[in-house]
Amino acid sequence: MIRRSAYILNRYSLADSGEYTVNIGMRDIITSIAIEFRATNGASGNKDNPLAECIQAVELIDGGKVLYSLTGQQLLALSAYRRGYLPYNLITEIPSNVANLFAALQFGRWIGDNQFAFDPSQFSNPQLRFKWNLATNRAVGATGYVTGSLTVTALAEIMEGAASPQGMLIAQQYFEKTTVASGVEPVLLPGDKLIKAILVRAASDSGGGLYGVSNLKLQADNNKVVLFDMRKSDIQRLMTYRNPPFHYKHHVFAKDTDVFYPVLKQDEVASFVPEVGDTVIAYFDYGIGSGALDINTGGAAATSEVDIYALVHGWMPFHTAMLDMGDWDDPATWLDPTPYREAKIEVTQDAAGAALEVVLEQVYVY
């Protein structure tokens, strides 16, 4: 077997918003497809606008069948959990810097998995489809992304000559809503595929972790089987038990009292190195994924933005928790929903206004 890499797209230029589809164009077995979006910050900076938030969908499709479909935030979170670290991303707010989103569609338990991989020959017309809008958070221009600067790269890691895999891992969002102040939201799970993991995202600038959620319960057949029933605090503690803290570098462009919004949203800790001399920075850090900055230069509050380099440690990228349904490498331990009439997650809500999303990582059998 030969391992090689091949571009499907190589810094292909995109409009500021839209949808684009490209044929996979190969028949060899693929263990992963790395995806990178790049865009340039405006001349006056680009505050609190990570490129992942501007990517509405990265999809693997076959005609009308959607095999893989995640937002930029979901894709980066899943990539981080599967690798055990955040892939290097250019998270930058500094004027004229190039920002990026780098993550991957991983079709096996690990890179080079012979049992689970993407076999294009099993499909009629496999394609990648992207949906995006650079103006999701900020208008394109001087304080957002530069118009016409967006590119996308798709790089397939190929296992040429590998034996045919039995299937592949796929991931899709199955549910989304905005949380309300109270009540239980039932999320029905599809019953046709093994479920390797469940990702739950509950995002709001008002708080960290799974904001707006107080409890998660996974049950089947009207509580005949209860796989877990846990408070949010216990779920978030399990994130720190099962996963080491993530680390990444964040280029901040801020003045005194500006709010810093890191990617990591649970018990984050940040250290700051300013580019301007005689500058002292304090971060009002309550571990909730955001906090005001106290920036002083020469003993006085910084009234103009300065370039700052932050090293951030923490958990739960983009408010996302991953609940593994067994041992990460043993399909026999993954959740099989087929014996049940109905399986569902019951999400108990305790605050309004959070973006609640449920993503399933499943096994697609050829």
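From a predicted model like this one, the values you see are computed outputs, not experimental measurements.

What follows covers a nonpolar patch on the surface. A cluster of nonpolar side chains, contributed by F284, Y286 and I288, occupies part of the molecular surface with about 330 Å² of accessible area. As for its placement among the helices and strands, F284 is situated in the loop between strand 18 (279–283) and strand 19 (291–297). Residue class for F284 comes out partly exposed when judged on its relative accessible area of 41%.

This paragraph deals with the packing of aromatic side chains. The final tally for this structure, using the stated rule, is 14 aromatic pairs. Where Y12 meets Y20, the ring centres are 4.6 Å apart and the plane angle is 20 degrees; that geometry is what we call stacked. Classification of Y12 by relative accessible area gives partly exposed; the value is 34%. Connected via pairs of aromatic rings, a cluster forms that spans Y68, F107, F118, F123, Y364 and Y366.

Relative to the helices and strands, Q349 is located in strand 23 (residues 343–349). C-alpha of Q349 to C-alpha of S121: the two residues are 228 residues apart in sequence and 44 Å apart in space. Once residues within four sequence positions are removed from consideration, Q349 is found in contact with K177, T178, T179, V180, A181, S182, G183, V184, E185, G212, V213 and S214. Polar contacts involving the side chain of Q349 include one to the main-chain amide nitrogen of V180, which spans 3.1 Å.

The subject of this paragraph is the sheet that holds strand 17 (residues 264–274). Spatially, four strands are ordered 6-15-21-17 in an open sheet, and the strand pairing comes out mixed. A strand with exactly one partner marks an edge of an open sheet, and here the two such strands are strand 6 (91–92) and strand 17. As judged from the eight bridges shared by strand 17 and strand 21 (residues 306–317), these two strands associate in the antiparallel manner. Bridge assignment links Q266 to a residue of strand 21, and that residue is W315. Here helix 1 (residues 72–83) sits on the sheet and contacts strand 15 (246–254) and strand 21; the angle it forms with strand 21, its principal contact strand, is near 65 degrees. The strands touched by helix 2 (residues 232–242) within the sheet are strand 17 and strand 21, with strand 21 carrying the most contacts at an inclination of about 105 degrees.

Despite not being glycine, R11 has its phi angle at roughly 45 degrees, a positive value. Looking at the secondary structure, you find R11 in strand 1 (residues 2–13). Classification of R11 as partly exposed rests on a relative accessible area of 47%. At D48, a position not held by glycine, the phi torsion is positive, near 45 degrees. Structurally, D48 is set in the loop between strand 3 (29–40) and strand 4 (55–62). Residue D48 is classed as partly exposed on the basis of its relative accessible area, which comes to 27%.

Within the secondary structure layout, Q172 lies in strand 10 (residues 167–178). Looking at Q172, the relative accessible area reads 15%, which means it is buried. Within the structure, the side chain of Q172 is placed 3.0 Å from the backbone oxygen of V66, a separation counted as a polar contact. Residues contacting Q172, with those up to four places away along its chain left out, are V66, L67, Y68, S69, L70, V358, V359 and L360.

About the cut-offs
- Residues numbered from 1 in each chain as written.
- Predicted model: local features only at pLDDT ≥ 70, side-chain atom pairs only at ≥ 80, totals over all residues.
- Heavy atoms only, no water.
- Patch = residues over 30% accessible without salt bridge, like charges linked within 9 Å, V, L, I, M, F, W, Y side chains within 5 Å.
- Areas by Shrake-Rupley, 256 points an atom, 1.4 Å probe, with all protein chains shown as cover.
- Salt bridge = Lys/Arg side-chain N within 4 Å of Asp/Glu carboxyl O.
- Helix = DSSP H or I, 4+ residues; strand = E, 2+ residues; numbered from the N terminus.
- Buried < 20%, exposed > 50% of the residue type's maximum accessible area, 1.4 Å probe, protein only.
- Phe/Tyr/Trp six-rings, centres within 6.5 Å; stacked < 30°, edge-to-face > 60°.
- Contact = heavy atoms within 4.5 Å.
- Polar contact = N/O pair within 3.5 Å; in protein donor to acceptor, adjacent residues only side chain to side chain.
- Pairing = 2+ DSSP bridges.
- Axes fitted to C-alpha atoms, helices over the stretch in contact; angles between N-to-C directions.

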